[in-house]
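Structural overview
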Amino acid sequence: MMEKTGTRQSDQMSAFKAGMQNIEPMKRGWKTAGVKVLGITGGIGAGKSTILIYLKEKYNAHILEADAVGHLVQQPDTACWERIVSVFGADILRGDRTIDRGKLGAIVYADRAKLDELNAIVHPAVKAYICQEIAGCGRAKEGFCGSTAPVSADASCEASGYSDTFIVIEAALLLEDHYDEICDEIWYIYADKRVREERLMQSRGYTREKVRQIMQNQLSEEEFRRSCQTVIDNSGSPEKTYEQMDLAIGKFLLEQSVFD
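A short tour of the structure in this document, coming up. As the structure is a prediction and not an experimental result, all values here were calculated from the model. (Residues numbered from 1 in each chain as written. Predicted model: local features only at pLDDT ≥ 70, side-chain atom pairs only at ≥ 80, totals over all residues. Heavy atoms only, no water.)

Thoughts on helix α9 (residues 193-203)
Cut-off, in case you're wondering: Accessibility here uses a 1.4 Å probe with only protein chains present; expressed as a share of the type maximum, an area under 20% marks a residue as buried, one over 50% as exposed, and anything in between as partly exposed. A helix here means a DSSP run of H or I that spans at least four residues, while a strand means a run of E at least two residues long, and both kinds are numbered starting from the N terminus. Note: the arc covers the axis-to-C-beta directions of the helix. We call two residues in contact whenever any of their non-hydrogen atoms come within 4.5 Å of each other. Pairing of N or O atoms within 3.5 Å defines a polar contact, subject to two protein rules: one partner must be a possible hydrogen donor and the other a possible acceptor, and residues neighboring in sequence count only if both atoms are side-chain atoms.
Here α9 has its buried residues at Arg196, Glu197 and Leu200. Seen along its axis, α9 keeps its buried residues to an arc of 100°; they face one direction. The exposed set on the far side of α9, more than 90 degrees from its buried face, consists of Gln202 and Ser203. The secondary structure elements touched by the buried residues of α9 are α10 (208-216). The N-capping residue of α9, defined by a side-chain oxygen 3.0 Å from the backbone nitrogen of Arg194, is Asp192. One or two positions beyond α9, positive phi appears at Gly205, with a value near 75°.

Some details on helix α5 (residues 79-88)
Regarding α5, the residues found buried are Cys80, Trp81, Ile84, Val85 and Phe88. Seen end-on, α5 carries its buried residues on one side only, within an arc spanning 130°. One or two steps after α5, the chain reaches Gly89, where phi turns positive at roughly 90°.

Remarks on the environment of Ile44
As for its position among the elements, Ile44 is in the loop between β1 (36-41) and α3 (48-59). Judged by its relative accessible area of 11%, Ile44 is buried. Put simply, Ile44 and Ala191 are 147 residues apart on the chain and 9.5 Å apart in space, counted from C-alpha to C-alpha. Setting aside residues up to four positions removed in sequence, Ile44 forms contacts with Arg196, Leu200, Arg204, Tyr206, Ile214, Met215 and Gln218.

A look at the layout of surface pockets
Defined as follows: The rule is simple: put a 1 Å grid over the protein atoms alone, call a set of points where a 1.4 Å probe fits but cannot get out a cavity, call an open set with protein on both sides within 12 Å along at least five of seven lines a pocket, and count a residue as lining if it has an atom within 4 Å of a point. Grid points are joined across faces, edges and corners, and a volume is the space filled by probe spheres set on the points. Asp, Glu, Lys and Arg are counted as charged, while Ala, Val, Leu, Ile, Met, Phe, Trp, Tyr, Cys and Pro are counted as nonpolar; the rest, among them Gly, fall into the polar class.
Estimated volume of the largest pocket: approximately 1900 Å³. Lining the largest pocket we find 47 residues, and of these Asp67, Tyr109, Ala172, Leu173 and Gln218 sit closest to its centre. Mapped by element, the contributors of at least two residues to the lining of the largest pocket are α3, α4 (66-72), α6 (101-108), α7 (112-136), α9 and α10. Residues that form the lining of the largest pocket fall into these classes: 19 nonpolar, 15 polar and 13 charged.

Digging into the pattern of salt bridges
The condition is simple: Between Lys or Arg on one side and Asp or Glu on the other, a salt bridge is scored when a side-chain nitrogen of the former is within 4 Å of a carboxyl oxygen of the latter.
Tallied over the full model, the rule gives nine salt bridges. Its salt-bridge partner being Glu181, residue Lys127 comes within 3.0 Å of it at the nearest N-O pair. Note that Lys127 is positioned in helix α7 and Glu181 in the loop between β3 (166-170) and β4 (185-190), a separation of 54 residues in sequence. In this structure, Glu197 engages Arg208 in a salt bridge whose closest nitrogen and oxygen atoms are separated by 2.6 Å. One end of the pair, Glu197, is in helix α9; the other, Arg208, is in helix α10, with 11 residues separating them in the sequence. Put simply, Arg194, Glu197, Glu198, Arg208 and Arg212 are held in one network by salt bridges that share partners.

Next comes the structure, spelled out in structure tokens:
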């Protein structure tokens, strides 16, 4: 089992490196396969989880969350896990050989260079995994991300029961990690700064100072708006947010001709 997981992760990394060199041929394959990808991003506390739940429950979207994928690609004996252990040492491992995120975090958050090194390992692995997931949903039957190898059944939309034509990627660093190369459209989930602060103080127990410090290290509202095609204002009631989403989804699916 571990050997299979490691092999798959190695294939994903190879696929990522090969495929990201030439985006246009991949896009032609995507349109032929008929699968469309929507990107979701926004600052901390904007309520992206609410957006994802609604897309999943109402539109049967296949949701891929970069943070959750990040946990998967760091499982023992994957290529990503091996590189992390090689760089940061076996002392970061628990008794079951999984990575102790507390120990690793203590290292990287005290040294920006080490954090950058970790991100350089994890982020490409996450993006490669997501590419393989999309390929498993049929977005490119040949050549997607430079690979013609079949994706395992557990990575397919058919096996998961989700839509095989509508995939949603959520990532805090969606723009910074250039997921625009994969997404057909990107939504910016906006919420008023004060609303975000109150949400985080209540849900996570953060102080207002900590919340503001985190926000300062994220993209500004202007940067999000400039880079995204659609803005969803999630400052008010869920009903108001859902109304905006229904209109935006209708436009997105019509323009992308998902149901042709």
